[in-house]
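Given next are the chains, with one letter for each unit.
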Amino acid sequence: NNMSAAASLFGLKFEWWTANKGAQWLDNSGPLSPPSEPVMIGSLFGRGFADLYNTTEARLMPYVQRLRYNKTQPITYEVVLLNWEGQQHPWHTHGYSLDIIGQGFLDPEVQWRGLHFNASRFDLHTAFAKLPRLDRPAPVLARVDTFTSAPHSYVVFRITADNPGAWVI
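Residues numbered from 1 in each chain as written. Predicted model: local features only at pLDDT ≥ 70, side-chain atom pairs only at ≥ 80, totals over all residues. Heavy atoms only, no water.

J.: Quick question: what am I supposed to make of the overall build of the protein chain here?
T.: Counting secondary structure elements, the protein chain contains 3 helices and 7 strands. When the helices and strands of the protein chain are placed in sequence order, the string is β-α-α-β-β-β-α-β-β-β. Across the 169 residues in the protein chain, those meeting the buried criterion constitute 30%. Taking the intrachain contacts of the protein chain between residues at least 6 apart in sequence as the baseline, contacts between residues at least 24 apart amount to 73%. (Helix = DSSP H or I, 4+ residues; strand = E, 2+ residues; numbered from the N terminus. Buried < 20%, exposed > 50% of the residue type's maximum accessible area, 1.4 Å probe, protein only. Contact = heavy atoms within 4.5 Å.)

Structure below.
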């Protein structure tokens, strides 16, 4: 499969938890306002994010990466999902199966419900050193449409954009 230019997309975009302050779950600087109608329905009627969220300020709208579809040469994307939360999180995809190619913990000294998590021990290069290069095939640990990310962990998966349509992943 042909790998996209995923390296240029690496790194977290503005994430919702950066707006949290102390014990407050939400405040007026956070982008957690609901759209005026469900996004898929708005899209069906030609309304974009600016219409649905009543703003053009990118940090106040969800980050969406559209997958490009190529019927003759499907494009495979590699996604690194980071779970900085102290709790597990279930994930489910629609219309696609994912190839899990890696997983691990953000703090190399902490495992599931082990020692206290320390974000300063996370090192990007160490955590992802064993992953295959983007332009190489990867051993598939599991092919899934549902998985759970452990607390303070990461999951790396590849998804091939071979099923056109408006799928929420």
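Past the structure itself, the notes keep going.
J.: How do you make sense of the pattern of salt bridges when you look at a structure like this?
T.: Opposite charge on two side chains permits pairing when their charged atoms draw close. Under the counting rule described, the total for this entry stands at 5 salt bridges. Asp99 is paired through a salt bridge with Arg143; the nearest N and O atoms lie 2.8 Å apart. Pair noted here: Asp99 is in strand E4 (residues 98-105) and Arg143 is in strand E5 (residues 142-144), with a separation of 44 residues, a long-range link. Accessibility expressed as a relative area gives 16% for Asp99, which makes it buried. (Salt bridge = Lys/Arg side-chain N within 4 Å of Asp/Glu carboxyl O.)

J.: Got a minute to help me understand a nonpolar patch on the surface in this structure?
T.: On the surface, Ile41, Leu44 and Phe45 cluster together into a nonpolar patch covering about 350 Å² of accessible area. Locating Leu44 in the fold gives a position in helix H1 (residues 39-44). Given a relative accessible area of 68%, Leu44 falls into the exposed group. (Patch = residues over 30% accessible without salt bridge, like charges linked within 9 Å, V, L, I, M, F, W, Y side chains within 5 Å. Areas by Shrake-Rupley, 256 points an atom, 1.4 Å probe, with all protein chains shown as cover.)

J.: Please explain the nonpolar core as it appears in this structure.
T.: Counting residues in each nonpolar core, the largest one holds 12 residues, listed as Ile75, Tyr77, Leu81, Tyr96, Leu98, Ile100, Val144, Phe147, Val155, Phe157, Ile159 and Ala161. Counting only elements with at least two residues in this core, the list comes to strand E2 (75-83), E4 and strand E7 (153-160). For Val144, the contacting residues outside a window of four places in its chain are Ser97, Leu98 and Ile100. (Core = buried A, V, L, I, M, F, W, Y, C linked by side-chain atoms within 4.5 Å.)

J.: Just to check I follow, could you spell out the confidence of the model for the protein chain for this structure?
T.: Caution applies to low-pLDDT parts of the model: their predicted coordinates are not meant to be read in detail. Scored by pLDDT, the protein chain comes out at a mean of 76, with 75% of its residues at no less than 70. Across the protein chain, element-level confidence peaks in E5 with a mean pLDDT of 96 and bottoms out in strand E1 (residues 2-3) with 37. Every residue in residues 1-31 scores below 50 in pLDDT, and together they form 46 contacts with partners more than four places removed in sequence or on other chains. (pLDDT = per-residue confidence, 0-100.)

J.: What should I look at first to understand the environment of Ser153 in this one?
T.: Mapping Ser153 onto the fold places it in strand E7. Through-space distance from the C-alpha of Ser153 to that of Trp84 is 6.8 Å; in sequence the pair is 69 residues apart.

J.: Can you walk me through the environment of Ser97 in this structure?
T.: Tracing the sequence through the fold places Ser97 in the loop between strand E3 (89-92) and E4. We classify Ser97 as partly exposed; its relative accessible area is 35%. For the pair formed by Ser97 and Val144, sequence separation is 47 residues and the distance between their alpha carbons is 5.4 Å. Each residue touching Ser97, except ones within four places of it in the same chain, is listed here: Arg143, Val144 and Ile159.

J.: Is there a simple way to explain the packing of aromatic side chains in this structure?
T.: For the structure shown, the criterion picks out 6 aromatic pairs. When the ring of Phe122 is compared with that of Phe128, the centres are 6.4 Å apart and the planes differ by 75°; the resulting orientation is edge-to-face. Residue Phe128 is classed as buried on the basis of its relative accessible area, which comes to 15%. Note on Phe128 and Tyr154: the rings are 4.7 Å apart at their centroids and 90° apart in plane angle, and the pair reads as edge-to-face. Of this pair, Phe128 sits in the loop between helix H3 (124-127) and E5 while Tyr154 sits in strand E7, and the two are 26 residues apart along the sequence. Tyr154 shares its class with Phe128; the two are buried. Taken together, Trp84, Phe117, Phe122, Phe128 and Tyr154 form an aromatic cluster joined through their ring pairs. (Phe/Tyr/Trp six-rings, centres within 6.5 Å; stacked < 30°, edge-to-face > 60°.)

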